Amino acid sequence: MGNLLKVLTREIENYPHFFLDFENAQPTDCEREVWNQVNTVLQDSESVLADLQAYKGAGKEIRDAIQNPSDMQLQEQAWNSVCPLVIRLKKFYNFSLRLERALQSLLESLTCPPYTPTQHLEKEQALAKQFAEILHFTLRFDELKMRIPAIQNDFSYYRRTISRNRINNLNLDIENEVNNEMANRMSLFYAEATPMLKTLSTATTNFVTENKTLPLENTTDVLSTMASVCKVMLETPDYTSRFNSEDTLLFCMRVMVGVIILYDHVHPNGAFNKSSKIDRLKSYVLLPINLLSLPGSLRNT
């Protein structure tokens, strides 16, 4: 990490200079209502990650069933193994919807007039911290998901089997949990290499589209300012010395990558156009690019 912080030699005088307390920020009275709503979602994030990390899949049972199509016992074993996993996948998908709503609530608070993005982030540090925590969770979730090919294999088997059983007019209790409409939405979600990041990118784009009276710059400036603040904190010893944990350094890196990806989706010219406020961060941010497969214009830099 020490070498990483030495990569850029450009001056940082033009960046916003304040310490964003990612470790200890607490909500003020003005922030509390939104903070409480978002906190209800974030409280479940670690259990979601733990469930995903523990996901083992039903690969053996599915292979045995496919190789022995006339063995009804193996068919039943595979089905009984897959159904609880599909319920777990539905839980992850539903959490993505909750996360989407939480992100939009934070964007509403952090972009509204009359404050500038810098003033919002400096005055509403608890909300900025929650915004960062959502991005941090998202990148962690997608990293794990990309390492578990069993997810798509299990869900594909589920969809094939339930379609076959529906044709045979069999009554399936699990359809009360994951009906055809839900299965279609989940299939689109898990088809993405980085499904949570796709959810947040779409949510940010929708936020801009649905709030036509709000200048686009209010949103893009919040994202670029967050990236710049993270960069300044990482490169300023007086700030890094205030971190209680070394994990906060990686946290800042993840957040910086996350906001740049959102910026890339929202800004008409992308993140690394020469006129972009993000372009000057390019060589710094591309170093941890192995965190995830990046979409949009980021892939072409």
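A quick note: this is a predicted structure, and the numbers were derived from the prediction, not measured. (Residues numbered from 1 in each chain as written. Predicted model: local features only at pLDDT ≥ 70, side-chain atom pairs only at ≥ 80, totals over all residues. Heavy atoms only, no water.)

**Quick word on the overall build of the chain**
1) Next: Broken down by element type, the chain carries 13 helices and zero strands.
2) Next: Listing the helices and strands of the chain from first to last along the sequence gives α-α-α-α-α-α-α-α-α-α-α-α-α.
3) Next: Out of the 301 residues belonging to the chain, those deemed buried represent 51%.
4) Next: Expressed as a percentage of contacts within the chain between residues at least 6 apart in sequence, the contacts between residues at least 24 apart total 81%.
5) Next: For the chain, the computed accessible surface area is about 14,900 Å², with 47% contributed by carbon and sulfur atoms. (Helix = DSSP H or I, 4+ residues; strand = E, 2+ residues; numbered from the N terminus. Buried < 20%, exposed > 50% of the residue type's maximum accessible area, 1.4 Å probe, protein only. Contact = heavy atoms within 4.5 Å. Areas by Shrake-Rupley, 256 points an atom, 1.4 Å probe, with all protein chains shown as cover.)

**Details of the packing of helix H9 (residues 195-210) against helix H12 (residues 247-266)**
1) Next: Following both chains from N to C, one finds H9 and H12 inclined at 50°, their axes separated by 9 Å at the closest point. By the angle between their axes, H9 is oblique relative to H12. Crossing of H9 over H12 shows right-handed handedness. Between H9 and H12, the residues in contact are Leu-197, Leu-200, Ser-201, Thr-204, Thr-205 and Val-208 and Ile-261, Leu-262, His-265 and Val-266, respectively. (Axes fitted to C-alpha atoms, helices over the stretch in contact; angles between N-to-C directions. Parallel < 35°, antiparallel > 145°, perpendicular 65-115°, else oblique. Left-handed = near helix turned anticlockwise from the far one by under 90°.)

**Thoughts on helix H2 (residues 45-53)**
1) Next: Within H2, the full set of buried residues consists of Ser-45, Val-48, Leu-49 and Leu-52. Buried residues along H2 cover an arc of 95° about the axis, so they all sit on one side. (Arc of directions from axis to C-beta.)

**A look at the pattern of salt bridges**
Oppositely charged side chains can pair when the atoms bearing their charge come close.
1) Next: Summed over all chains, the structure comprises ten salt bridges.
2) Next: Of the charged contacts in the structure, one is a salt bridge between Asp-51 and Lys-91, with a shortest N-O distance of 2.4 Å. In this pair, Asp-51 is assigned in helix H2 and Lys-91 in helix H4 (residues 72-111), connecting sequence segments 40 residues apart.
3) Next: Using a relative accessible area of 25% as the deciding quantity, one classes Asp-51 as partly exposed.
4) Next: It is possible to trace a salt-bridge network through shared partners that takes in Glu-143, Arg-147 and Arg-254. (Salt bridge = Lys/Arg side-chain N within 4 Å of Asp/Glu carboxyl O.)

**Quick look at the side chain of Lys-129**
1) Next: In this fold, Lys-129 is placed in helix H6 (residues 125-146).
2) Next: Separated by 2.6 Å, the side chains of Lys-129 and Glu-133 make a polar contact.
3) Next: Beyond its immediate sequence surroundings of up to four residues, Lys-129 is in contact with Leu-20, Asp-21, Phe-22, Glu-23, Asn-24 and Ala-25. (Polar contact = N/O pair within 3.5 Å; in protein donor to acceptor, adjacent residues only side chain to side chain.)

**Description of the environment of Glu-100**
1) Next: Along the polypeptide, Glu-100 turns up in helix H4.
2) Next: When the C-alpha positions of Glu-100 and Ser-201 are compared, they lie 9.2 Å apart, and in sequence the two are 101 residues distant.
3) Next: Apart from the residues within four sequence positions on either side, Glu-100 is in contact with Thr-199, Ala-203 and Asn-206.

**A short note on unusual backbone geometry**
1) Next: Put simply, Pro-113 and Pro-114 share a cis peptide bond, and its omega is 10°.
2) Next: Among the structural elements, Pro-114 can be located in the loop between H4 and helix H5 (117-123).

**Considerations on the nonpolar core**
1) Next: Ranked by size, the top nonpolar core spans 83 residues in total, and within it Phe-22, Phe-131, Tyr-158, Met-226 and Met-233 carry the most contacts.
2) Next: Top element by residues in this core is H4. It accounts for 16 residues.
3) Next: Residue contacts for Tyr-158: discarding those within four places in its chain leaves Trp-79, Val-82, Val-86, Ile-174 and Val-178. (Core = buried A, V, L, I, M, F, W, Y, C linked by side-chain atoms within 4.5 Å.)

**Topic: the packing of aromatic side chains**
1) Next: Scanning the entire structure with this criterion turns up eleven aromatic pairs.
2) Next: Ring geometry for Tyr-93 and Phe-189: centres 5.5 Å apart, planes at 75°, overall edge-to-face. Of this pair, Tyr-93 sits in helix H4 while Phe-189 sits in helix H8 (residues 180-191), and the two are 96 residues apart along the sequence. Summarising the burial analysis for this pair, Tyr-93 and Phe-189 share the class buried.
3) Next: Taken together through their ring pairs, the aromatic side chains of Trp-79, Tyr-93, Phe-155, Tyr-158, Phe-189 and Tyr-190 make up a single cluster.
4) Next: When the ring centre of Phe-19 is taken as origin, the NZ or CZ atom of Arg-242, which lies over that ring, is 4.0 Å away. (Phe/Tyr/Trp six-rings, centres within 6.5 Å; stacked < 30°, edge-to-face > 60°. Lys NZ or Arg CZ within 6 Å of the ring centre and 35° of its normal.)

**Digging into helix H1 (residues 32-42)**
1) Next: Those residues of H1 that fall on the buried side of the exposure criterion are Val-34, Trp-35, Val-38, Val-41 and Leu-42. Looking straight down H1, one finds that the buried residues subtend no more than 120° of arc, so they occupy a single side.
2) Next: Of the surrounding elements, those touching the buried residues of H1 are H2, H4 and H6.

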